[in-house]
Amino acid sequence: MKSWWPRRAKAANDEQLAAAEAAASGVERALRRLEWTVIRRLDGLLQGDYRTLMRGTGLDLADLREYQHHDDVRHIDWNVTARLQTPHVRVFTEDREMAAWFVLDLSRSVDFGSGTRAKREISAGFVGVIARLLTRHGNRVGAMVYGNDVEAVIPPRSGRRHVLHLLHAMERRADKGAPNQKGMTRLADLLKSAAMLMPRRSTVFVVSDFMSEPGWERPLAHLVQRHDVVAVRLFDPLELELPDLGLVPLRDAETGEQLWVDTHDAGFRKRFARIAAERETALRETLARIGVDALELSTDDDLVEAIVRFADMRKRRVRAGPANPKAVAA
C-alpha cells in the first residue's frame, strides 16, 4: 500500500503536466503559424516602421515648434512663447522602449462567429501579432484579462516566451467556458481597473466588441488623458445584417436569454439592420469624440491588411495631428 499511493499521485501529476504541455504546445503552434503567415508579411509591408503602432514621450529635447490645437499644453515652452509672442511647444525624442498593455474583453459575446472564426480567435491573432512585433524590438507588453470580472493581470515583459504566456492566459480563459455569465459585460469596470494599474504612460490596446453595459465612455476618456489608447473593435458581419434564414433561435451570449425570430420577415431584417447601423455610428462618433484611434476587425478580415492600414492611419495622424480621429474599417 505504501508503494501504491505515491505511484497514483505521480500518475495524477503526470496527467496534469501532460495536459499543460499539450496546451502550451498548442499556443506555440499558433504563434509559430502567426509568425510564418502574418508577421513575415508585415515585416516587408511595414518596412521596419513598427513604431507607428506605438507613440510615446521622451526626455531628450529635439526641437521647438509653434503650438497646434492638438498639442499637450504641458509641453509649452513659456520662455520662448513670451519672447516670440506666439505659443511654442517642446518636441522630445521618443523613448526607444515603451510599454504596451492589452486590455482584453474575453466575455461570452466574443465567442460568437458566423463563419470559420470567432471574435475570440481574431482577438488572439491580433494580440499575438502585435505583441510579437513589439517585443522583438525590446518593448514590453502586458495584459489585463476580463471574463466575468478582471481575472488576470500580466505585468509587462519582453521576449517570445512572455508572448506565449500571454496567449496561454487567453486560451485558459476560453477553456473555462463559464456557462452563466453574471449579466452583461461591464467594460467600465475593466477600464477603471486599467487606469489604476498603469501608472506610467503606455500604449493601451482596448480589444473588445464593445457590447457592454452603458457608462464605459467616461472611464475610457479618463484613460486617454494619460495614455495613448487604441480601440480594437471586434465584430462579425452577421451582427450588422441578418440573412433570410427563416425561423431561427437567437441567444444572447451574455445574459443567456433566447428567443425565436422570423428572419424571412423583410421588415424585421430592415429594422435589425437600421438599429445595428445606428449603433455603429454612435460607437464611432463616441470614439472619435474621446480622441481614440480605432481599428475595426471583422471575423472575415485579413489581419495583415488590417494592421497595415491601421499603421498607415497612425502615421498620417503623427504628421497631421489628431484633429479629427476617424475609425478605420479594416
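Since the structure is predicted, the reported quantities are computational estimates derived from the model, not experimental observations.

Caption draft 1: Structural view of the overall build of the protein. Helix and strand content of the protein: eight helices and 11 strands. Counted over contacts in the protein with a minimum sequence separation of 6, partners at least 24 positions apart contribute 75%. Accessible surface for the protein amounts to roughly 18,000 Å². Of this, 53% is attributable to carbon and sulfur atoms.

Caption draft 2: Structural view of helix 7 (residues 266-290). Taking 1.5 Å per residue as the helical rise, helix 7 with its 25 residues ought to reach 36 Å, and the 36 Å between its terminal C-alpha atoms agrees with that figure. Along helix 7, the residues classified as buried are Ala-276, Glu-280, Leu-283, Thr-286, Leu-287 and Ile-290. On its buried face, helix 7 is in contact with helix 6 (217-226), strand 7 (228-235) and strand 10 (293-298). Measuring from the backbone nitrogen of Gly-267 back to the side-chain oxygen at the start of helix 7 gives 2.9 Å, which picks out Asp-265 as the cap. At the C-terminal side of helix 7, Gly-291 shows a positive phi close to 95°.

Caption draft 3: Spotlight on the nonpolar core. Core analysis: the biggest nonpolar cluster contains 43 residues, and Phe-102, Leu-104, Phe-126, Val-129, Leu-166, Phe-205 and Leu-297 have the highest contact counts within it. Residue contributions to this core peak at eight residues, all from helix 3 (residues 119-135). In contact with Leu-166, not counting residues within four places along its chain, are Phe-102, Leu-104, Val-127, Val-141, Gly-142, Ala-143 and Ile-154. Counting 23 residues, the second largest nonpolar core, distinct from the first, contains Ala-188, Met-198, Trp-216 and Leu-283.

Caption draft 4: Molecular detail of the pairing of strand 6 (residues 203-208). With six of six residues buried, strand 6 lies mostly within the body of the structure. Here strand 3 (residues 99-105) pairs with strand 6 via five bridges, running parallel. What sits directly across from Ala-100, in strand 6, is Thr-203. In the sheet, strand 6 pairs with strand 7 via six bridges, with the strands oriented parallel. Its bridge partner lying in strand 7, Thr-203 is registered against Asp-228. Taken together, strand 6, helix 6 and strand 7 constitute a β-α-β crossover, and its handedness is right-handed.

Caption draft 5: Just the pairing of strand 7, in detail. Extensive coverage of strand 7 is indicated by the burial of eight of its eight residues. Burial of the side chains of strand 7 extends over both faces: Asp-228, Val-230, Val-232 and Leu-234 are buried on one face and Val-229, Ala-231, Arg-233 and Phe-235 on the other. As defined by bridge partners, strand 7 adjoins strand 10 across six bridges and the pair is classed as parallel. In the sheet register, Val-232 faces strand 10, and the bridge partner there is Leu-295.

Caption draft 6: Highlighting the pattern of salt bridges. All chains considered together, the criterion is met by 13 salt bridges. In this structure, Glu-280 and Arg-284 form a salt bridge, with 3.9 Å as the shortest nitrogen-oxygen distance. Of this pair, Glu-280 and Arg-284 both sit in helix 7, four residues apart, roughly one helical turn. Taking relative accessible area as the criterion, Arg-284 reaches 37% and is therefore assigned partly exposed.

Caption draft 7: A look at the packing of aromatic side chains. Tallied over the entire structure, the rule returns three aromatic pairs. Look at Phe-102 and Phe-205: their rings are 5.3 Å apart centre to centre, the planes differ by 20°, and that puts the pair in the stacked class. Linking Phe-102 in strand 3 with Phe-205 in strand 6, this pair joins segments that are 103 residues apart in sequence. The two residues Phe-102 and Phe-205 agree in class, both being buried.

Caption draft 8: Local environment of helix 6. Within the span of helix 6, buried status applies to Pro-219, Leu-220 and Leu-223. Along the long axis of helix 6, the arc covered by the buried residues comes to 100°, so they all point the same way. Summarising the geometry of helix 6, the exposed residues directed more than 90 degrees from the buried face are Arg-218 and Gln-225. Looking at the buried side of helix 6, the elements it contacts are helix 5 (187-197), strand 6, strand 7 and helix 7.

Rules and cut-offs
In every chain, residue numbers begin from 1 and rise along the written sequence. Local features in this predicted model are restricted to residues of pLDDT 70 or higher, and side-chain atom pairs are both shown and tallied only at a pLDDT of 80 or more, whereas totals for entire chains, interfaces and linings draw on every residue. Think of the side-chain values as coming from all heavy atoms in the structure, minus any hydrogens and water. Per the convention used, a helix needs a DSSP run of H or I reaching at least four residues, while a strand needs a run of E reaching at least two, with both numbered from the N terminus. Should any heavy atoms of two residues lie within 4.5 Å, those residues are considered in contact. For the accessible areas, the method is Shrake-Rupley and the probe is 1.4 Å, while residue cover comes only from the protein chains on display. Helix span, expected: 1.5 Å multiplied by one less than the number of residues in the helix. For each residue, the accessible area found with a 1.4 Å probe, counting protein chains only, is set against the maximum for its type, and the residue is called buried under 20%, exposed over 50%, and partly exposed in between. Here a polar contact is recorded for every N or O atom pair within 3.5 Å, except that within protein the pair must consist of a potential hydrogen donor and a potential acceptor, and residues adjacent in sequence are included only if both atoms are side-chain atoms. Nonpolar cores were defined as sets of buried Ala, Val, Leu, Ile, Met, Phe, Trp, Tyr and Cys residues, with membership established by side-chain atoms within 4.5 Å. For two strands to pair, DSSP has to find at least two bridges joining them. With its strands directed away from the observer, a crossover is right-handed exactly when the path from the first strand over the helix to the second travels clockwise. Salt bridges, as used here, are contacts in which a Lys or Arg side-chain nitrogen is within 4 Å of a carboxyl oxygen on Asp or Glu. By convention, a stacked pair of Phe, Tyr or Trp rings (six-membered ring in the case of Trp) has centres within 6.5 Å and planes under 30 degrees apart, an edge-to-face pair has planes over 60 apart, and any other such pair is tilted. Relevant arc is that of directions from the helix axis to the C-beta atoms, nothing else.

All quantities given are derived from atomic positions and should not be read as evidence of function.
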